[in-house]
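Understanding the architecture of this molecule
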Amino acid sequence: MPGWPADLSAGPVLLRPPKLRDGRAWSEVRLRNERWLRPWEPSSSASWYERNSLGAWPPLRSALRRSAAAGTMLPFMIVYGGRIAGQINVSNVVHGALRSCTVGYWVDGELAGRGIVPTAVALVIDHCFGAVGLHRVEIDIRPENAPSLRVVEKLGLRREGYYERFLDIDDGWRDHVAFAVTVEEMEGRSMLSRLGRLPAPPAWTGA
Ligand SMILES: CC(C)(COP(=O)(O)OP(=O)(O)OC[C@H]1O[C@@H](n2cnc3c(N)ncnc32)[C@H](O)[C@@H]1OP(=O)(O)O)[C@@H](O)C(=O)NCCC(=O)NCCS
């Protein structure tokens, strides 16, 4: 697929494809963040530990790589000041007349509120409209998820609709609010410039 693999960066935020050696850091963040992430994650019959232990990483990373190779997904790790801070996935990539995708994301609760995810979303939207050649990006959010609603508000995404019982999340069919943006709405500007401020570098880099 055009635009894959890719490294995208702005300030202290780097997005890059997942590596096999990310397993230890990924599992540590995921296990520590169960209460923070679980309400927003797909339902599963497996326990949180089974899904997020070190052993879960190689098959997950292989599945992400296969989807990327098939051209249906761009899976990125979010790295902040050199540390794995979360993930952002461009999924449901459709070419042809639609040329659209869906973006999903999470960040370590310890690093929330620094503007890391809005920066990551701006980077992937600019990349999707640039090298990948898509026309539309959609983000679907549970109406209860105030922090995520703030992310799309900061980026000025357009509210497109309300999907009832749309996704199987946290053991139930959950309503979602759909937000979208098409290339024309950018009027030649980048999403990164629309966002304006970048996150400050973390204290641990000494910057
Ligand atoms: C939604 C999420 C990705 C936002 O990422 P982020 O990098 O923290 O985004 P921001 O820094 O722009 O913060 C967004 C809002 O979260 C809220 N927030 C900030 N710190 C917070 C904290 N420690 N705990 C809870 N909410 C917080 C604030 O309202 C903030 O808006 P503000 O900047 O106007 O004050 C993150 O909260 C998260 O990973 N949540 C759990 C997983 C999830 O909801 N994924 C998205 C599913 S659609």
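Quantities reported herein were computed from a predicted structural model and do not represent experimental measurements. (Residues numbered from 1 in each chain as written. Predicted model: local features only at pLDDT ≥ 70, side-chain atom pairs only at ≥ 80, totals over all residues.)

**Some thoughts on the pairing of strand E4 (residues 83–94)**
Here strand E3 (residues 74–80) runs beside E4; their pairing, made up of seven bridges, is antiparallel. In the strand pairing of E4, Leu74 is matched with Val90. Counting the residues between successive antiparallel strands, the hairpin from E3 to E4 contains two residues, one of them, Gly81, with a positive phi of roughly 55°. In textbook terms, the turn of a hairpin is the stretch between consecutive antiparallel strands, and for E4 and strand E5 (residues 100–107) this stretch comprises five residues, one of which, Gly96, has a positive phi near 70°. (Pairing = 2+ DSSP bridges. Helix = DSSP H or I, 4+ residues; strand = E, 2+ residues; numbered from the N terminus.)

**A word on helix H6 (residues 146–155)**
Of the residues making up H6, those classed as buried are Ser148, Val151, Val152 and Leu155. Buried positions in H6, seen along its axis, are confined to an arc of 85° and lie on one side of it. Seen from the open side of H6, the exposed residues pointing more than 90 degrees away from its buried face are Ala146, Pro147 and Glu153. Of the residues trailing H6, Gly156 is marked for its positive phi of about 70°. (Buried ≥ 20, exposed ≤ 12 C-beta atoms within 10 Å, placed from the backbone. Arc of directions from axis to C-beta.)

**With respect to the sheet that holds strand E1 (residues 8–10)**
Here we have eight strands laid out as an open sheet, ordered E1-E2-E3-E4-E5-E6-E8-E7, and mixed in their pairing. Of all the strands in the sheet, the pair left with one neighbour each is E1 and strand E7 (158–168). The average angle at which neighbouring strand axes cross in this sheet is 25°, direction not considered. Bridge analysis of E5 against strand E6 (residues 136–141) gives three bridges, and the strand direction is parallel. (Axes fitted to C-alpha atoms, helices over the stretch in contact; angles between N-to-C directions.)

**Let's talk about the site of the ligand**
The environment of the ligand is formed by 20 residues, the closest being Ala112, Gly113, Val117, Pro147 and Ser148. Put simply, the parts of the chain that give the shell around the ligand at least two residues each are helix H2 (34–37), E5, helix H5 (116–129) and H6. Per-element tally for the shell around the ligand: the top contributor is H6, with five residues. Grouping the constituent residues of the shell around the ligand by class yields 13 nonpolar, four polar and three charged. (Near = placed C-beta within 6 Å. Nonpolar A, V, L, I, M, F, W, Y, C, P; charged D, E, K, R; others polar.)

**Points about the nonpolar core**
Ile78, Ala120, Val121 and Val124 are the most contacted members of the largest nonpolar core, which has 43 residues in total. It is H5 that contributes the most residues to this core, ten residues altogether. Sequence-distant contacts of Val121, defined by excluding residues within four places in its chain, comprise Ile88, Val103, Tyr105, Val151 and Leu155. (Core = buried A, V, L, I, M, F, W, Y, C linked by C-beta atoms within 7 Å. Contact = placed C-beta atoms within 7 Å.)

**A look at the environment of Leu111**
As for its position among the elements, Leu111 is in the loop between E5 and H5. In this structure Leu111 comes out as partly exposed when scored by C-beta crowding, with 18 C-beta atoms within 10 Å.

**Some words on H5**
In this model, H5 (14 residues) spans 20 Å end to end at C-alpha, consistent with the 20 Å of a helix rising 1.5 Å per residue. Most of H5 sits out of view: 14 of its 14 residues are buried. (Expected span 1.5 Å × (residues − 1).)

**Looking at the pairing of strand E2 (residues 13–16)**
Burial along E2 is one-sided: Val13 and Leu15 are buried, while Leu14 and Arg16, pointing the other way, are not. Here E1 pairs with E2 via three bridges, running antiparallel. Bridged to Ser9 within E2 is Leu14. Linkage of E1 to E2, two consecutive antiparallel strands, is achieved through a turn of two residues, within which Gly11 is found at a positive phi near 55°. As judged from the four bridges shared by E2 and E3, these two strands associate in the antiparallel manner. Across the sheet, Val13 pairs through a bridge with Tyr80, a residue of E3.

Nothing here speaks to function; it is geometry throughout.
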